[in-house]
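# Results of the structural survey
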Amino acid sequence: MGISPLIDSLVEAFQVLPGVGPKGAQRMTLHLLQHNREGGRRLAEVLGEAMSGVGYCSQCRNFSEEDVCRFCADARREDAALCVLESPADILAIEQAGGFRGRYFVLHGHLSPIDGIGPEELGMDMLTRRVEALAPDEVILATNLTVEGEATAHYIHDLLKDRVSRITRIAHGVPLGGELEFIDGGTIVHAMQGRRNFS
Amino acid sequence: MSRVTGQPGIVLHTRPYRESSLLLTLLTPDHGVVSLVGRGVRGGSRGRSLQPFTLLRVSWSGRSSLGTLGSFEADTQFWFRGNVLASAFYLTELIIRLLEEREPHPRLFAGLCWALEHLESGPSDVLRRFEKLLLEELGYGLDFARDVSGEPIVSGRSYRLVPDHGFETAADGVDGDVLLKIGREAFAEPGVRRAARGLFAEALAAHLGPRPLVSRSLLVDHGR
Ligand SMILES: [Zn+2]
């Protein structure tokens, strides 16, 4: 029971954010009302636009409000290398680390039988079509170095091995059990540079 | 009873939970399938050892169905690849789909340890033995010595499976000799392996319901 029904619902709504509990949500709510109503209005506006406007790139499944995302549309990027990742956060990690100029494909997850996530849910058909369209020299499997990430890499390898001459896996400089999102930029650069042929 | 210490456990499944926590499903001997929250273990070096197919010693607390992970120590981490990994996922998917939580299963725990240790050397044998054990643990073990009417199963006669009941004589079924071999877990002959695969799949299907096993779809070369 708080100050008013609207404030209560706002406090509750903020708690959808990761790491935000009741205390934090209350602080955010009061802060916006007391000190920054303009910022709050802007937040509401952009949030609404993003939630209805952001979809998926038709070529790589990255988040995008355009039919084709900025990485796929960028003519300066090279078609020769295609990097397959579990999440859009992994694209950000690799872009921030720098050095990779190829294309991406985002699975939005990994194979996880117990969660009911099989090849279909990860857009494997789309990946096959993307590989056929780009005809890359190399496909880099940059799924996490977890049991599920390995399972996913293996599945993709078997799926693409007759279509691509070189399939590589990011190096095990990333600790076993590592999720890319939790790994610093330097480690990702090493992992990308030290990638090895996958077999 | 709200605290368990030093229980052996095998990680069946993990899933990210909130920002830095993990939801963990384990198979343990004395408490069967257990779901736990590992607070703050995701992303850190501690959490990295919490991978499926890791054998642990683990403590937890909490009386509700979702306990809180306490201290743990990884003993052995099995790291499978390719079709062997798909087979290992099949085992964990069967356990999670078929077992009730928090029912003791010491034999099944020992069986899963054995299966994980031997999976690499002969996946199909290991899977058949595990399926046989799992059916027994669920209370639906098949009798390979006697048919449904209590007559001994004999070589040269043909039988078919009536799920949850047993084998009855049938015009075009599986030869009694093959059933006797499955009963002894003598899976060396390809014909016996094939028959066992079909029979156990049929017996398990009765309990899995219509939802297909996702781990089956991980074998890329299947059906090509
Ligand atoms: Zn794109």
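Residues numbered from 1 in each chain as written. Chains lettered and ligands numbered in written order. Predicted model: local features only at pLDDT ≥ 70, side-chain atom pairs only at ≥ 80, totals over all residues.

### Focus on the overall build of chain A
From N to C terminus, chain A includes eight helices and seven strands. For the C-alpha atoms alone, the extent of chain A along its principal axes is close to 65 × 35 × 35 Å. Of all 199 residues assigned to chain A, the portion counted as buried reaches 37%. In chain A, the proportion of contacts linking residues at least 24 apart, taken out of those at least 6 apart, comes to 58%. (Helix = DSSP H or I, 4+ residues; strand = E, 2+ residues; numbered from the N terminus. Buried ≥ 20, exposed ≤ 12 C-beta atoms within 10 Å, placed from the backbone. Contact = placed C-beta atoms within 7 Å.)

### Considerations on helix α3 (residues 37–53) of chain A
Here α3(A) spans 24 Å end to end across 17 residues, near enough to the 24 Å set by a 1.5 Å rise per residue. Burial analysis of α3(A) places just zero of its 17 residues in the buried class, which makes it a mostly uncovered element. (Expected span 1.5 Å × (residues − 1).)

### Thoughts on the nonpolar core
Of all hydrophobic cores here, the largest spans 98 residues; its most connected members are A:Cys83, A:Val84, A:Ile140 and B:Leu26. Considering every element that reaches this core, the biggest residue donor is helix α2 (residues 82–98) of chain B, with eight residues. Beyond its immediate stretch of four places on either side in the chain, A:Val84 contacts A:Phe105, A:Leu107, A:Leu127, A:Val139, A:Ile140, A:Leu141, A:Ala142, A:Thr143 and A:Ile156. (Core = buried A, V, L, I, M, F, W, Y, C linked by C-beta atoms within 7 Å.)

### With respect to the packing of α2(B) against helix α4 (residues 123–137) of chain B
Residue and element names in this part refer to chain B. The N-to-C vectors of α2 and α4 enclose an angle of 5 degrees; their axes lie 11 Å apart at closest approach. Here α2 lies roughly parallel to α4, going by the angle between them. In contact with Val84, Ser87, Tyr90, Leu91, Leu94 and Leu98 of α2, α4 contributes Pro123, Leu127, Phe130 and Leu134. In the contact of α2 with α4, the residues fall into nine nonpolar, one polar and no charged. (Axes fitted to C-alpha atoms, helices over the stretch in contact; angles between N-to-C directions. Parallel < 35°, antiparallel > 145°, perpendicular 65-115°, else oblique. Nonpolar A, V, L, I, M, F, W, Y, C, P; charged D, E, K, R; others polar.)

### Focus: the domain arrangement of chain A
With domains assigned, chain A is organised as domain 1 (5–53) and domain 2 (73–197). Taking only C-alpha atoms, the centre of domain 1 of chain A and the centre of domain 2 of chain A are 35 Å apart. (Domains from an automatic or database assignment.)

### Here we look at the sheet that holds strand β4 (residues 54–61) of chain B
Residue and element names in this part refer to chain B. Judged by pairing direction, the barrel is mixed, and its five strands sit side by side in the order β1-β2-β3-β5-β4 before closing back on the first. In this sheet, adjacent strand axes meet at a mean angle of 50 degrees when their direction is disregarded. Across three bridges, strand β3 (residues 32–38) lies against strand β5 (residues 66–77) in parallel orientation. Of the residues in β5, the one forming a bridge with Val37 is Thr68. Its contacts with the sheet put α2 on β1 (3–17), β2 (21–28) and β3, and the angle it makes with β1 is roughly 105 degrees. Relative to β2, helix α3 (residues 106–118) is tilted by about 105 degrees, and along the sheet it contacts β1, β2 and β4. (Pairing = 2+ DSSP bridges.)

### Quick notes on the pairing of β3(B)
All names here are of chain B. Of all seven residues in β3, five are buried, a share of seventy percent or more. Sheet analysis places β2 next to β3, joined by seven bridges and oriented antiparallel. Looking across to β3, one finds that Leu27 is bridged to Val33. Here β2 hands over to β3 after three residues, the two strands then running antiparallel side by side.

### Things to note about helix α7 (residues 147–160) of chain A
All names here are of chain A. An ideal rise of 1.5 Å per residue puts 20 Å on 14 residues; α7 measures up with 20 Å between its terminal C-alpha atoms. With 12 of 14 residues buried, α7 lies mostly within the body of the structure. Taken residue by residue, α7 has Val147, Glu148, Gly149, Glu150, Ala151, Thr152, Ala153, His154, Tyr155, Ile156, His157 and Leu160 as its buried positions.

### Regarding the environment of B:Arg18
Relative to the elements of secondary structure, B:Arg18 occurs in the loop between β1 and β2. Once the C-alpha coordinates of B:Arg18 and B:Ala186 are considered, the two residues, 168 residues apart in sequence, prove to be 48 Å apart.

### Let's talk about unusual backbone geometry
The backbone of A:Arg61 shows a phi angle near 65 degrees, a positive value even though the residue is not glycine. Mapping A:Arg61 onto the fold places it in the loop between β1 (55–56) and β2 (63–64). Residue A:Arg61 is classed as buried on the basis of its C-beta count, with 21 C-beta atoms lying within 10 Å. With phi around 70 degrees, B:Asp164 is a residue other than glycine that occupies positive phi space. Residue position: B:Asp164 is located in the loop between β6 (158–162) and β7 (166–169).

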